[in-house]
Protein chains: 2
Amino acid sequence: MNYNYEHDLNKGISVDCVIFGFDFEKLKVLVIRRKPVENISESLVSLPGDLIFNDENLDQAAQRVLKELTDLENIYLEQLGAFGDLDRLSKPSDIAWLRSNRAQPEARVITVAYYALVNLNAFDPKPSNFAESVSWEPVEDIKSMAFDHLEIFNKAREELYRKLKIQPIGFNLLPKKFTLSQLHKLYEAIVGRELDKRNFRRKMIKLEIVKKLDEKQKGVPHKPSNFYEFHVENYKRLVNKGFDNFGF
Amino acid sequence: MNYNYEHDLNKGISVDCVIFGFDFEKLKVLVIRRKPVENISESLVSLPGDLIFNDENLDQAAQRVLKELTDLENIYLEQLGAFGDLDRLSKPSDIAWLRSNRAQPEARVITVAYYALVNLNAFDPKPSNFAESVSWEPVEDIKSMAFDHLEIFNKAREELYRKLKIQPIGFNLLPKKFTLSQLHKLYEAIVGRELDKRNFRRKMIKLEIVKKLDEKQKGVPHKPSNFYEFHVENYKRLVNKGFDNFGF
DNA sequence: TAGCAAAATGTCAAAATGACACTAAGCAAA
DNA sequence: TTTGCTTAGTGTCATTTTGACATTTTGCTA
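Everything numeric in this text was worked out from a predicted model, so none of it was measured.

## Side note on the protein's contact with DNA strand D
Among the 25 residues in the neighbourhood of DNA strand D, the closest are listed as R202, K203 and K223 of chain A together with H222 and N226 of chain B. Sugar plus phosphate: this is where 44% of the atoms of DNA strand D within 4 Å of the protein reside. Taking K197 of chain B, its side chain carries an N or O atom lying 3.0 Å from a base nitrogen of DNA strand D. When residues of the surface near DNA strand D are traced back to their parent elements, those giving at least two are α5 (197-207) of chain A together with α5 (197-207) of chain B. With five residues, α5 of chain A is the single largest residue contributor to the surface near DNA strand D. In the surface near DNA strand D, the residues fall into six nonpolar, seven polar and 12 charged.

## Quick word on the sheet that holds strand β8 (residues 178-179) of chain B
Residue and element names in this part refer to chain B. One open sheet accounts for three strands, arranged β8-β10-β9; its pairing is antiparallel. Because the sheet does not close on itself, it has two edges, and the strands there are β8 and β9 (210-216). The pairing of β9 with strand β10 (residues 226-230) spans four bridges and is antiparallel. Following the sheet pairing, K211 is matched in β10 by E229.

## Focus on the interface of chain A and chain B
At the interface, 41 residues of chain A touch 41 residues of chain B. Buried surface at the junction of chain A and chain B, both sides included, amounts to about 3200 Å², of which 58% is carbon and sulfur. Our count for the chain A to chain B interface comes out at two salt bridges. For R162 of chain B, the salt bridge goes to E159 of chain A, with nearest N and O atoms at 3.9 Å. Where chain A packs against chain B, one counts 11 residue pairs in polar contact (both at pLDDT 80 or more). Going through the elements one at a time, β1 (9-22), β4 (49-53), β5 (78-83), β6 (110-119), α3 (149-166), α4 (180-191) and α5 of chain A are the ones with two or more residues in the side of chain A that touches chain B. Broken down by element, the residue count for the side of chain A that touches chain B peaks at six residues, all from α3 of chain A. Broken down by class, the residue content of the side of chain A that touches chain B amounts to 20 nonpolar, 10 polar and 11 charged.

## Some words on the relation of the copies chain A and chain B
Mapping chain A onto chain B calls for a rotation angle of 180 degrees and an axial translation of 0.0 Å; the resulting RMSD is 0.0 Å. Taken together, the rotation and translation describe the operation of a two-fold axis. Of every C-alpha in chain A, the one belonging to G81 of chain A sits nearest the axis of rotation, 2.2 Å from it. Here 100% of the interface residues in chain A have copies in chain B that are interface residues too; the copies meet face to matching face.

## Examining unusual backbone geometry
Working note: non-glycine residues mostly have negative phi, and peptide bonds are mostly trans. In this structure, N74 of chain A takes a positive phi of about 55 degrees despite not being glycine. By the secondary structure assignment, N74 of chain A is in the loop between α1 (58-70) and β5. Overall, N74 of chain A belongs to the exposed group, its relative accessible area being 72%. Here N129 of chain B, not a glycine, exhibits a phi torsion of approximately 55 degrees, which is positive. Exposure remark for N129 of chain B: the relative accessible area of 30% places this residue in the partly exposed category.

## Regarding the domain arrangement of chain A
Residue and element names in this part refer to chain A. You can read the domains of chain A as domain 1 (9-165) and domain 2 (168-241). Its C-alpha centre places domain 1 at a distance of 29 Å from the equivalent point of domain 2. For domain 1, the biggest contributors to the area lost against domain 2 are F22, F24 and L164; these three give 46% of the whole. At the junction of domain 1 with domain 2, the criterion picks out one salt bridge.

## Regarding a negative patch on the surface
On the surface, a cluster of negative charge is contributed by D59 of chain A together with D85, D87 and E151 of chain B. Secondary-structure assignment places D87 of chain B in the loop between β5 (78-83) and α2 (92-101). Here D87 of chain B falls in the exposed class, since its relative accessible area comes to 52%.

## As for the pattern of salt bridges
One pass over the full model with this rule turns up 36 salt bridges over all chains. Where D16 of chain A meets R88 of chain A, a salt bridge forms, and the shortest distance between an N and an O atom there is 3.9 Å. On the criterion of sequence distance, the pair formed by D16 of chain A in strand β1 and R88 of chain A in the loop between β5 and α2 (92-101) is long-range, its members being 72 residues apart. The burial state of D16 of chain A is the same as that of R88 of chain A; both residues are buried. One continuous salt-bridge network, built from bridges that share partners, spans E159 and R162 of chain A together with E159 and R162 of chain B.

## Digging into the pairing of strand β4 (residues 49-53) of chain B
Taken residue by residue, a regular strand's side chains alternate between the two faces of the sheet. All names here are of chain B. Judged by how many residues are buried, β4 sits mostly within the fold: five of five residues are covered. In the sheet, strand β1 (residues 9-22) pairs with β4 via five bridges, with the strands oriented antiparallel. Paired with S14 across the strands is L51, a residue of β4.

## Side note on the protein's contact with DNA strand C
Surveying the vicinity of DNA strand C reveals 25 residues, the closest of which are S181 and N226 of chain A together with R202, K203 and P221 of chain B. Atoms of DNA strand C within 4 Å of the protein belong to the sugar or the phosphate in 43% of instances, the rest to bases. Between DNA strand C and K197 of chain A, the relevant distance is 3.2 Å, taken from a base nitrogen to a side-chain nitrogen or oxygen of the residue. Within the backbone of N226 of chain A, one N or O atom sits 2.6 Å away from a phosphate oxygen of DNA strand C. Put simply, the parts of the chain that give the surface near DNA strand C at least two residues each are α5 of chain A together with α5 of chain B. Sort the elements by how many residues they give to the surface near DNA strand C and α5 of chain B lands first, with five residues. Here the surface near DNA strand C is built from residues that sort into five nonpolar, eight polar and 12 charged.

## Points about the packing of aromatic side chains
Tallied over the full model, the rule gives 18 aromatic pairs over all chains. Residues F22 of chain B and F24 of chain B carry aromatic rings whose centres are separated by 6.1 Å and whose planes lie at 90 degrees to one another, so their mutual orientation is edge-to-face. With relative accessibility at 22%, the residue F24 of chain B sits in the partly exposed group. Ring pairs connect the aromatic residues F171, F178, F230 and Y235 of chain A, which therefore count as one cluster. Looking at R64 of chain A, its charged tip hangs above the ring of F53 of chain A, at a distance of 3.7 Å from the centre.

So, how was this worked out
Residues numbered from 1 in each chain as written. Chains lettered and ligands numbered in written order. Predicted model: local features only at pLDDT ≥ 70, side-chain atom pairs only at ≥ 80, totals over all residues. Heavy atoms only, no water. Near = heavy atom within 4 Å. Polar contact = N/O pair within 3.5 Å; in protein donor to acceptor, adjacent residues only side chain to side chain. Helix = DSSP H or I, 4+ residues; strand = E, 2+ residues; numbered from the N terminus. Nonpolar A, V, L, I, M, F, W, Y, C, P; charged D, E, K, R; others polar. Pairing = 2+ DSSP bridges. Contact = heavy atoms within 4.5 Å. Buried area = accessible area lost by both parts, 1.4 Å probe. Salt bridge = Lys/Arg side-chain N within 4 Å of Asp/Glu carboxyl O. Least-squares fit on C-alpha atoms with pLDDT ≥ 70 in both. Buried < 20%, exposed > 50% of the residue type's maximum accessible area, 1.4 Å probe, protein only. Domains from an automatic or database assignment. Patch = residues over 30% accessible without salt bridge, like charges linked within 9 Å, V, L, I, M, F, W, Y side chains within 5 Å. Areas by Shrake-Rupley, 256 points an atom, 1.4 Å probe, with all protein chains shown as cover. Lys, Arg positive; Asp, Glu negative; His and termini not counted. Charge placed at Lys NZ, Arg CZ, Asp CG, Glu CD. Phe/Tyr/Trp six-rings, centres within 6.5 Å; stacked < 30°, edge-to-face > 60°. Lys NZ or Arg CZ within 6 Å of the ring centre and 35° of its normal.

Structure, rendered in structure tokens:
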């Protein structure tokens, strides 16, 4: 799984991935802990990321690196942007790590960040390479990260929120069959506040992005919820077109 | 104006700028023509862009490069994203140019693109460095560009359109005093189709992003238009908050 | 069979949208 | 001085969308 000996490593460019998952309760983000170095005990979480190869596109690099560190693959990653501040690798604990992990630890490195939304239950992350552990952390618990990853993470959250306002969301985060309550919770988790249940359902139904199925929850100690699935046609159309504001 | 001997050039990372301007008629984009090399006569236009230095941030690099090539400065540039496809520098005419302009013409280079909207009349671009000429071209006339600049340009136009839908626009493209017809034309230029005049005015006024001034056009052979200015407070608030869809 | 828990549903007033056509003002030419 | 040209500016109405709000339904469990 280590390609370093077969490819020409680009020592000035890395990729980092912000992977959001949803467990029907909270919005979470996939983070790794790096294997400890020297006598540095501090162990900030980081986003999965690494240097790119010179013979791969940025998108491919993101896919590869994510796979190498967490074993997740075939995830639709969207680019968030490039981060290249001069001080992005300047925390003492990060410098120590770079010294023991990089051929040119002092090199200036810019990173291209990617983000994705996934159905948390459909993936089973496993740490490898320099990742000691991988875990899903509730987004609201993330207070600090290695490198400039907190900045990247915050940007990704903003982007997610911006996206939510102009197109439907959830296709990649929910199972094929889901309930409107689950979709509702997902939106609330991203928006960060309560949304009126009736108005939410009305909107989703009017936009025709969901189809009601002839199947209900079973074994729940309350009125069972109806299952829905996404109306793929309409969903995609709205992703492309965006919700209309003011006719344009 | 050539910093190359004072700074450490990063040979793997460049920046490119998509500068949109508006002349009250058409939406335009700032392009340069490179000084010709060898016996290559083909002269595709390009976006102003060049390699970055290792001691500057990406944002700074974009500002500097834009200044060096076109003499434009103090422009608020927003990042569009990174472009790093393996074949982005593979057109024959581009290879010839790289050979005569770059220390490592075969090097893999990714670029970080920026875009901005400016009041075309407030700037007077002047070519320098490897730019032979600089000009404003109507966006609809752009059919091909050097490198992968057409792809970058198209992405920038999409981004501009996306932006228009969720926040007010025009603050940087119009003079301090402007007429609602000018704003209307600007929107039509970006959206690419006609927008109902009355509904447009109603919306702008209701959003309170413009303030009516006590001043009219003079010397026009028709009913003079009233001048307006932006309501900075409300404008900024809406830029941050975005237009609401569905309460979130 | 009583109680619990979450699902599901409807109404109404207010605001926003979209479609649509005529009058007003200033200048220029006859 | 009158007529014509050109763009600015304005209002209405029917329809749709929003936002606020409370009760009933269903299935399970004790």
